[in-house]
Amino acid sequence: MRSYFIIILLLTLSVGCISPQIQPGNPAEYELPGIHNTTIYYLNGSSVKVVEDVINTTSFRIDPGENGEEINLRDPIAQDYSGNNVTFNISREVFFGRSYVHFDFDAPFSGFIAYTQSDGQDFVRPVTKNGSIRVVLPVNFTTGSMLLGIAQPEPDNVTYDAYGREVLIWDNPYPEHGRISVNYYYRSSAGMLLYFGAFLLMAALLIWGYYYFSIKGLKKKRERLEKGIKK
């Protein structure tokens with residue numbers, strides 16, 4: 001009896017439930033085609049557009065990450081290498097308490113899938129498969145300052161695209177690195193921080209100078225008073 005209960009419990013945890021189908025998006029909203037054997041993240045501060053290359057598959061699963069949190073995903077699309085839009089089914093399911101999203105195709109599919117997720121300026125994603133990763137920062141944003149934010153691990157290459165956006169590239173980080181994180185900020189922030197630091201330094205020097213000369217003046221007055229008393 002106990003073994004039956006354990007089996008039922010395991011089946012409940014593993015199967016979970018499948019939520020209603022997510023509505024597909026508009027391919028024009030994405031920068032396609034992508035790059036073979038590469039996952040690209042286009043960041044813009046409040047969301048991230050993901051473009052993934054898949055080869056000869058009938059099902060593609062998006063991992064929830066290290067903490068197993070619910071995946072926020074909207075406007076999914078699929079396009080083959082010839083630029084043709086491909087139909088697919090997409091659904092959510094819970095497997096052992098972790099939420100996954102599945103792209104399912106009627107026939108083996110090779111091409112690019114893309115979707116949008118809510119995000120912030122603390123970008124973190126797990127690395128669960130072989131392949132290169134690119135993170136495209138918004139225009140006028142950068143990373144690399146120990147005070148304002150860095151990318152971990154350090155990218156293998158940093159370049160700029162035709163729109164002037166900074167592109168961070170990791171060549172096959174898996175399995176050495178289990179995740180990639182990027183904290184990014186306005187390019188002008190570093191200069192503003194430098195000016196602010198210089199302003200604070202000048203203010204500190206002025207205050208120090210004021211007290212130094214004030215104390216020096218008081219000492220001289222005290223010395224004159226002491227000399228007058230002695231006389």
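This is a predicted model, so every value here is computed, not measured.

Criteria and thresholds
- Residues numbered from 1 in each chain as written.
- Predicted model: local features only at pLDDT ≥ 70, side-chain atom pairs only at ≥ 80, totals over all residues.
- Heavy atoms only, no water.
- Phe/Tyr/Trp six-rings, centres within 6.5 Å; stacked < 30°, edge-to-face > 60°.
- Helix = DSSP H or I, 4+ residues; strand = E, 2+ residues; numbered from the N terminus.
- Buried < 20%, exposed > 50% of the residue type's maximum accessible area, 1.4 Å probe, protein only.
- Lys NZ or Arg CZ within 6 Å of the ring centre and 35° of its normal.
- Patch = residues over 30% accessible without salt bridge, like charges linked within 9 Å, V, L, I, M, F, W, Y side chains within 5 Å.
- Areas by Shrake-Rupley, 256 points an atom, 1.4 Å probe, with all protein chains shown as cover.
- Salt bridge = Lys/Arg side-chain N within 4 Å of Asp/Glu carboxyl O.
- Pairing = 2+ DSSP bridges.
- pLDDT = per-residue confidence, 0-100.
- Contact = heavy atoms within 4.5 Å.

Novice: Would you explain the packing of aromatic side chains in this entry?
Specialist: Each aromatic ring pair is specified by the distance between its two centres and by the angle formed by the two planes. The final tally for this structure, using the stated rule, is eight aromatic pairs. Relative to Tyr184, the ring of Phe141 lies with its centre 5.6 Å away and its plane at 70 degrees, an arrangement referred to as edge-to-face. Taken together, the residues span a long stretch of sequence, with Phe141 in strand 8 (residues 141-142) and Tyr184 in the loop between strand 12 (179-183) and strand 13 (185-186) at a distance of 43 residues. Relative accessible area serves as the criterion here: at 8%, Phe141 is assigned to the buried category. Grouped by ring-pair contacts, the aromatic residues Phe88, Phe103, Phe105, Phe109 and Tyr115 constitute a single cluster. For the cation-ring pair, Lys49 lies above Tyr30, with the distance from its terminal atom to the ring centre recorded as 5.0 Å.

Novice: Help me understand a nonpolar patch on the surface, please; the structure alone is not making it clear to me.
Specialist: Among the surface-exposed residues, Ile207, Tyr211 and Ile215 lie close enough to one another that they form a single nonpolar patch of about 320 Å² accessible area. Position of Ile215 relative to the elements: it lies in helix 2 (residues 187-230).

Novice: Explain the pairing of strand 4 (residues 89-95) to me, please; I cannot follow it from the model alone.
Specialist: Along any regular strand the residues' side chains alternate between the sheet's two faces. Relative to strand 5 (residues 98-118), strand 4 runs antiparallel, the two sharing seven bridges. Pairing of Phe95 across the sheet is with Arg98, part of strand 5. Where strand 4 folds back onto strand 5 in an antiparallel hairpin, the turn is made up of two residues, including Phe96, whose phi is positive at roughly 50 degrees.

Novice: I'm lost on the confidence of the model for the chain in this one. Help?
Specialist: Looking at the chain as a whole, its pLDDT mean stands at 80, while 73% of the residues score no less than 70. Predicted confidence for residues 4-19 stays below pLDDT 50, and this span has 19 contacts to residues more than four positions away or in other chains.

Novice: I'm lost on the sheet that holds strand 9 (residues 151-152) in this one. Help?
Specialist: Across a sheet, paired strands are connected by hydrogen bonds in the backbone, their directions being either parallel or antiparallel. One open sheet accounts for three strands, arranged 6-12-9; its pairing is antiparallel. With one partner strand each, in any of the chains shown, strand 6 (122-126) and strand 9 form the two edges of the open sheet. Direction of pairing for strand 9 relative to strand 12: antiparallel, over a ladder of two bridges. By the bridge assignment for strand 12, Ala151 is matched with Val182.

Novice: Mind showing me how you'd approach the side chain of Thr38 here?
Specialist: Residue placement: Thr38 occurs in strand 1 (residues 38-43). The exposure class of Thr38 is buried, given its relative accessible area of 7%. Each residue touching Thr38, except ones within four places of it in the same chain, is listed here: Val51, Glu52, Asp53, Ser132, Ile133 and Arg134.

Novice: What should I look at first to understand the pattern of salt bridges in this one?
Specialist: Scanning all chains against the criterion turns up five salt bridges. For Asp119, the salt bridge goes to Arg125, with nearest N and O atoms at 2.9 Å. In this structure, Asp119 and Arg125 share a single accessibility class: buried. The shortest N-O distance in the salt bridge between Arg165 and Asp161 comes to 2.6 Å. For Arg165, a relative accessible area of 12% gives the class buried. Where salt bridges share partners, they join Glu31, Asp161 and Arg165 into one cluster.

Novice: Would you explain the environment of Gly144 in this entry?
Specialist: Secondary-structure assignment places Gly144 in the loop between strand 8 and strand 9. Residue classification places Gly144 among the exposed positions, given a relative accessible area of 53%. Each C-alpha atom, one on Gly144 and one on Asn183, is 8.4 Å from the other, the two residues being 39 residues apart in sequence. When sequence neighbours within four positions are dropped, the list of residues in contact with Gly144 reads Gly149, Ile150 and Tyr185.

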